[in-house]
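Residues per chain, in single letters:
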Amino acid sequence: MHFTLHLTNDCNMACAYCYVNRSRLQSMSFATAYRAVDLAAALTPRGDSAGIIFFGGEPLLYKELIYETIAYANWKEKRAGCYFHYKVTTNGLLLDEAFLEYSRRNNLFIALSHDGIQAAHDRYRRDIKGRGTYKTLAEKAQMLLAARPYAPALMTVNPDTAQYFAESVEHLYRLGFRYLICSLNYAAAWQEDELATLAGEYRRLAAFYYRLTLAEEKFYLSPFEVKISSHINHKTYCRERCELGMKQLSVAPDGRLYPCVQFVGDDNYALGDVYAGVNEKKREQLYRQNAKEKETCRGCAVRKRCNHFCGCLNKQATGSVDLVSPVLCAHERLLLPIADKLAERLFKKRNAMFLQKHYNDYYPIVSLVEDLKGAEPGCSDSAPGKQRVEN
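As a starting point, this report considers the structure included with it. Predicted model, so just to flag it, every value in this text is computed and none were measured.

Turning our eyes to something else, we now look at the pairing of strand E6 (residues 179-184). Burial within E6 is extensive, with five of its six residues counted as buried. The pairing of strand E5 (residues 153-157) with E6 spans five bridges and is parallel. By the bridge assignment, Val157 is partnered in E6 with Leu184. After leaving E5, the chain enters helix H6 (residues 165-175) and then returns to the sheet as E6, a path that is right-handed. Sheet topology places E6 next to strand E7 (residues 220-221); two bridges connect them, and they run parallel. Note on E7: the bridge partner recorded for Tyr179 is Tyr220.

Next up, the structure:
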């Protein structure tokens, strides 16, 4: 299970598509963070592992809180008999050598938000004075990759940046990112012509994916990896449908619990707090509500491979877990044929890299062992491979 600690809703950037409510600034206390760790330990069976994710706002505004929370969690796991692993999602502006060295010593995984080429990135990802952050981030990205070579880049694609999608992915790959998680801003007002542009960009990316795979390059490009997996591992994929509130809890700065990141601050979806614990009855009700097949999706041929079951995504796009965005529907229908054609071409070639990535459950481990041969000890990032994507 994963516990996402929203350390603050404050940020040193003002991204135009950000969904975080900053009308009243809040930050998490040390006591609340410790109680979140206590709850995580209580809900994790002995011998099992739980994820502690630091989120915001911008979590690196509170580095000391991260340090103290990890120190407490390390102390707690020895007494609770469970284990913790750590991740932080950051805009990168506050990254420095000291924090990166700390992340190496404490196995703190770092994910960087980056929207690609300057024209795409600076369109939305600006500082609080309205200035684009691409140039500032360039040095930070290189610093990050030098210390944590498997750090992922998290890209958001908007209607007016769709035209740069393929170029931006290739740009991030040239920078050295090998784990690329790309998501649409489903809350935006996508038009038919912009979706047509997006389809063309996916075809360009399919060609890029094909070339890299034939060259036996190791990489992870989430749109294709997820859709290819939904065909090859369709039974497992169906079992791993969104289990809203069951495998992930978001902890607000004040300690209240929510089922996922998009719900924080909406009291209709509060599931308790770190002091009183989880309201199991409400959590079960929400899970069952989200698990019901959506009326608009009944009979759809691709519903078992579609993201319409993601409650967090539906909340972002429509404001309700029960309503699926027409944009999501259109996106899935345009992406699936492109991903399937790509997979078919590589399968027919019996390409070794493709087969290893998608048919060998041990590929991530084998890949990491290969990469660590001769590498400096201490780097334990997960290698790009067959991994479950978390947004």
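Further notes follow.
A full pass over the atoms with the stated rule returns 16 aromatic pairs. Pairing Tyr202 with Phe224 gives two aromatic rings, centres 6.1 Å apart and planes at 70 degrees, and the pair type is edge-to-face. Within this pair, whereas Tyr202 is found in helix H7 (residues 192-214), its partner Phe224 is found in helix H8 (residues 222-232), the two being separated by 22 residues in sequence. Of the aromatic side chains, those joined through ring pairs into one cluster are Phe165, Tyr202, Tyr209, Phe219 and Phe224. Here the basic side chain of Arg350 rests over the ring of Phe347, its NZ or CZ set 4.4 Å away from the ring centre. The aromatic ring of Phe219 is capped on one face by Lys357, whose charged end is 3.9 Å from the ring centroid.

Time to look at a positive patch on the surface. Together, Arg203, Lys341, Arg345 and Lys349 make up a positively charged patch on the protein surface. Assignment of secondary structure puts Arg345 in helix H12 (residues 326-348). For Arg345, a relative accessible area of 41% translates into the label partly exposed.

With that settled, the discussion passes to the side chain of Ser320. Structurally, Ser320 can be placed in the loop between helix H11 (311-318) and H12. A polar contact of 3.1 Å, which involves the side chain of Ser320, links it to the backbone nitrogen of Asp322. Apart from residues no more than four positions distant in its own chain, Ser320 is found in contact with Tyr269, Asn314 and Lys315.

Okay, the sheet that holds strand E1 (residues 2-6) next. Taken in spatial order, the nine strands make up an open sheet running E7-E6-E5-E4-E3-E2-E1-E8-E9, and their pairing is mixed. Of all strands in the sheet, those with a lone pairing partner are E7 and strand E9 (257-258), marking the two edges.

The next point concerns the environment of Pro326. Position of Pro326 relative to the elements: it lies in helix H12. The spatial distance from the C-alpha of Pro326 to the C-alpha of Cys312 is 16 Å, given a sequence separation of 14 residues.

This part takes up the side chain of Lys315. Tracing the backbone through its elements, the reader meets Lys315 in helix H11. For Lys315, the residues in contact, after removing those within four places along its chain, are Gln262, Phe263, Asp266, Tyr269 and Ser320.

Attention now moves to the packing of H6 against H7. Put simply, H6 and H7 touch, their axes get as near as 8 Å, and they point 30 degrees apart. Comparing the axis directions of H6 and H7 gives the class roughly parallel. Residues Phe165, Ala166, Glu167, Val169, Glu170 and Tyr173 of H6 form the contact with H7, whose own contacting residues are Leu198, Glu201, Tyr202, Arg204, Leu205, Phe208, Arg211 and Leu212. Counted by class, the contact of H6 with H7 contains nine nonpolar, no polar and five charged residues.

Cut-offs used in this document
Residues numbered from 1 in each chain as written. Predicted model: local features only at pLDDT ≥ 70, side-chain atom pairs only at ≥ 80, totals over all residues. Heavy atoms only, no water. Buried < 20%, exposed > 50% of the residue type's maximum accessible area, 1.4 Å probe, protein only. Helix = DSSP H or I, 4+ residues; strand = E, 2+ residues; numbered from the N terminus. Pairing = 2+ DSSP bridges. Right-handed = clockwise from strand over helix to strand, strands pointing away. Phe/Tyr/Trp six-rings, centres within 6.5 Å; stacked < 30°, edge-to-face > 60°. Lys NZ or Arg CZ within 6 Å of the ring centre and 35° of its normal. Patch = residues over 30% accessible without salt bridge, like charges linked within 9 Å, V, L, I, M, F, W, Y side chains within 5 Å. Areas by Shrake-Rupley, 256 points an atom, 1.4 Å probe, with all protein chains shown as cover. Salt bridge = Lys/Arg side-chain N within 4 Å of Asp/Glu carboxyl O. Lys, Arg positive; Asp, Glu negative; His and termini not counted. Charge placed at Lys NZ, Arg CZ, Asp CG, Glu CD. Polar contact = N/O pair within 3.5 Å; in protein donor to acceptor, adjacent residues only side chain to side chain. Contact = heavy atoms within 4.5 Å. Axes fitted to C-alpha atoms, helices over the stretch in contact; angles between N-to-C directions. Parallel < 35°, antiparallel > 145°, perpendicular 65-115°, else oblique. Nonpolar A, V, L, I, M, F, W, Y, C, P; charged D, E, K, R; others polar.

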